[in-house]
Amino acid sequence: SNIILETAACEFGCEENASGELRSIEVSSVIKANISAYRNVECNFIKDCYCTTKQIKIDTAKVKLPQNMSVVNFNDTLKSNLTIADSEPSVERVYDAFSKAYIENVSSEDNRLIVNGVVDSYVLYITKDKENPVFCAKNELEFSQSFDCAGCLAPQGEINAEVLNTSYTINSDDSIDLRVNFKLTGMTYSFEELEVITGVNKTDNEVSRETASIIVYFAQDNDTLWDIAKKYSSTVDDIIEINELVE
């Protein structure tokens with residue numbers, strides 16, 4: 001399964017205390033959850049058929065089947081330095097630091113799934129400027145991670161990025177080191193395209209048969225008993241029995 005949580009809406013409101021001061025903030029959020037569940041199911045499809053007595057008309061369709069599904073659960077830490085610009089107020093102390101991770105692109109190369117994204121970090125701090133006492137600085141850091149999908153050609157995936165925590169170290173009043181621990185979760189898979197039979201209609205036309213009493217056939221590479229039986233309007237069981245073959 002894969003669960004992706006998103007903030008659909010967020011509202012803030014200030015409330016007065018008993019003294020009439022605005023000392024509390026009420027936060028109301030709406031969380032949107034996208035949940036995908038998977039299970040492995042064995043499916044049987046008809047890929048070929050024939051009739052030994054009547055000619056038939058076959059209806060076919062192409063279907064895509066997911067295969068080689070695997071779970072992604074990857075943790076990593078990004079480190080970066082946030083430098084306060086000259087036009088921004090200097091740092092006296094940090095009030096809070098938080099981050100948000102986004103997936104920008106998911107692509108494939110050979111049998112590897114490549115995930116590219118960005119982490120936006122925000123540092124809310126108390127400044128040394130009395131006219132602008134609180135300021136929020138932003139830092140953007142890109143990331144790229146690849147996953148080996150053995151057996152997959154042109155793999156695809158549903159990947160979600162989530163920040164676990166953000167920590168910081170103040171170097172000076174204009175420099176802060178950030179460490180962001182995040183994880184990537186989801187599924188990787190590939191698709192196999194098959195042409196399957198969706199309908200069979202028998203006609204009134206007879207199947208033409210060889211008139212010779214004995215037919216000699218030299219098997220070719222990759223021939224199967226099914227192929228030979230179909231070619232001569234026979235059955236696999238009859239070929240095995242007449243030629244005294246061992247299954």
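Residues numbered from 1 in each chain as written. Predicted model: local features only at pLDDT ≥ 70, side-chain atom pairs only at ≥ 80, totals over all residues. Heavy atoms only, no water.

(A) Structural detail: the packing of aromatic side chains. Applying the stated rule across the entire model yields seven aromatic pairs. Considering the side-chain rings of Phe 74 and Phe 147, the 5.9 Å spacing of their centres and the 85 degrees angle between planes classify their relative orientation as edge-to-face. Of this pair, Phe 74 sits in strand E3 (residues 54–83) while Phe 147 sits in strand E6 (residues 134–148); the two residues are 73 residues apart in sequence, bridging distant segments of the chain. Assessed through its relative accessible area of 13%, Phe 147 is described here as buried. One Lys or Arg, Lys 231, reaches over the ring of Tyr 232 and ends 5.7 Å from the middle of that ring. (Phe/Tyr/Trp six-rings, centres within 6.5 Å; stacked < 30°, edge-to-face > 60°. Helix = DSSP H or I, 4+ residues; strand = E, 2+ residues; numbered from the N terminus. Buried < 20%, exposed > 50% of the residue type's maximum accessible area, 1.4 Å probe, protein only. Lys NZ or Arg CZ within 6 Å of the ring centre and 35° of its normal.)

(B) Quick peek at the sheet that holds strand E7 (residues 156–172). With antiparallel pairing, three strands are arranged side by side in an open sheet as E3-E8-E7. Only two strands of the sheet have a single neighbouring strand rather than two, namely E3 and E7. Sheet twist, expressed as the mean angle between neighbouring strand axes with direction ignored, is 0 degrees. Bridge count for E7 against strand E8 (residues 175–206) is 15 bridges, and the pairing is antiparallel. In the strand pairing of E8, Val 163 is matched with Phe 182. (Pairing = 2+ DSSP bridges. Axes fitted to C-alpha atoms, helices over the stretch in contact; angles between N-to-C directions.)

(C) Looking closely at the confidence of the model for the protein chain. Scored by pLDDT, the protein chain has a mean of 87; 96% of the residues are at 70 or more. By mean pLDDT, the top-scoring element of the protein chain is strand E5 (residues 112–127) (94), and the lowest-scoring one is strand E1 (residues 2–16) (76). (pLDDT = per-residue confidence, 0-100.)

(D) Representation of empty space enclosed by the protein. Evaluation of the coordinates by the stated rule reveals one cavity of 30 Å³ or more. What the largest cavity holds in volume is close to 40 Å³. What lines the largest cavity is simply Leu 78, Ser 80, Val 119, Ser 121, Asn 139, Leu 141, Leu 178 and Val 180. Counting only elements with at least two residues in the lining of the largest cavity, the list comes to E3, E5, E6 and E8. Here the lining of the largest cavity is composed, by residue class, of five nonpolar, three polar and no charged. (1 Å grid on protein atoms, 1.4 Å probe; cavity = no way out; pocket = protein on both sides within 12 Å on 5 of 7 lines; lining within 4 Å. Points joined across faces, edges and corners; volume = space filled by probe spheres on them. Nonpolar A, V, L, I, M, F, W, Y, C, P; charged D, E, K, R; others polar.)

(E) A look at the pairing of E6. Inspection of the sheet shows E5 paired to E6 by 15 bridges, in the antiparallel sense. Each residue of the ladder has a partner; that of Val 119, found in E6, is Leu 141. Hairpin geometry of E5 and E6 is characterised by an intervening segment of six residues between the two adjacent antiparallel strands.

(F) Region of the structure containing the nonpolar core. In terms of nonpolar packing, the biggest core is built from 15 residues, with Val 119, Phe 143, Ile 159 and Leu 184 touching the most fellow members. Counting residues per element, the ones that place at least two in this core are E3, E5, E6, E7 and E8. Aside from chain neighbours lying at most four places away, what touches Val 119 is Leu 78, Ser 99, Lys 100, Ala 101, Asn 139, Glu 140, Leu 141, Phe 143 and Val 180. (Core = buried A, V, L, I, M, F, W, Y, C linked by side-chain atoms within 4.5 Å. Contact = heavy atoms within 4.5 Å.)

(G) View of the pattern of salt bridges. Taken as a whole and judged by the stated rule, the model has five salt bridges. For the salt bridge of Glu 206 with Lys 54, the shortest nitrogen-to-oxygen distance reads 2.7 Å. Here Glu 206, found in strand E8, pairs with Lys 54, found in strand E3; they are 152 residues apart in sequence, far enough to count as distant. Relative accessible area serves as the criterion here: at 22%, Lys 54 is assigned to the partly exposed category. A salt bridge links Lys 138 to Asp 120; its shortest N-O distance comes to 3.9 Å. Here the residue Lys 138 occupies a position in strand E6, and Asp 120 occupies one in strand E5, the gap between them amounting to 18 residues. (Salt bridge = Lys/Arg side-chain N within 4 Å of Asp/Glu carboxyl O.)

(H) Representation of a nonpolar patch on the surface within the structure. On the surface, a nonpolar cluster with roughly 420 Å² of combined accessible area is contributed by Ile 3, Leu 5, Ile 31 and Ile 35. Among the elements of the structure, E1 and strand E2 (22–36) are those that each provide at least two residues to the nonpolar patch. Residue position: Leu 5 is located in strand E1. (Patch = residues over 30% accessible without salt bridge, like charges linked within 9 Å, V, L, I, M, F, W, Y side chains within 5 Å. Areas by Shrake-Rupley, 256 points an atom, 1.4 Å probe, with all protein chains shown as cover.)

(I) Examining unusual backbone geometry more closely. If you check the backbone angles, Asn 222 has positive phi at about 70 degrees while not being a glycine. Following the sequence through the fold, Asn 222 ends up in the loop between E8 and helix H1 (225–231). Using a relative accessible area of 76% as the deciding quantity, one classes Asn 222 as exposed.

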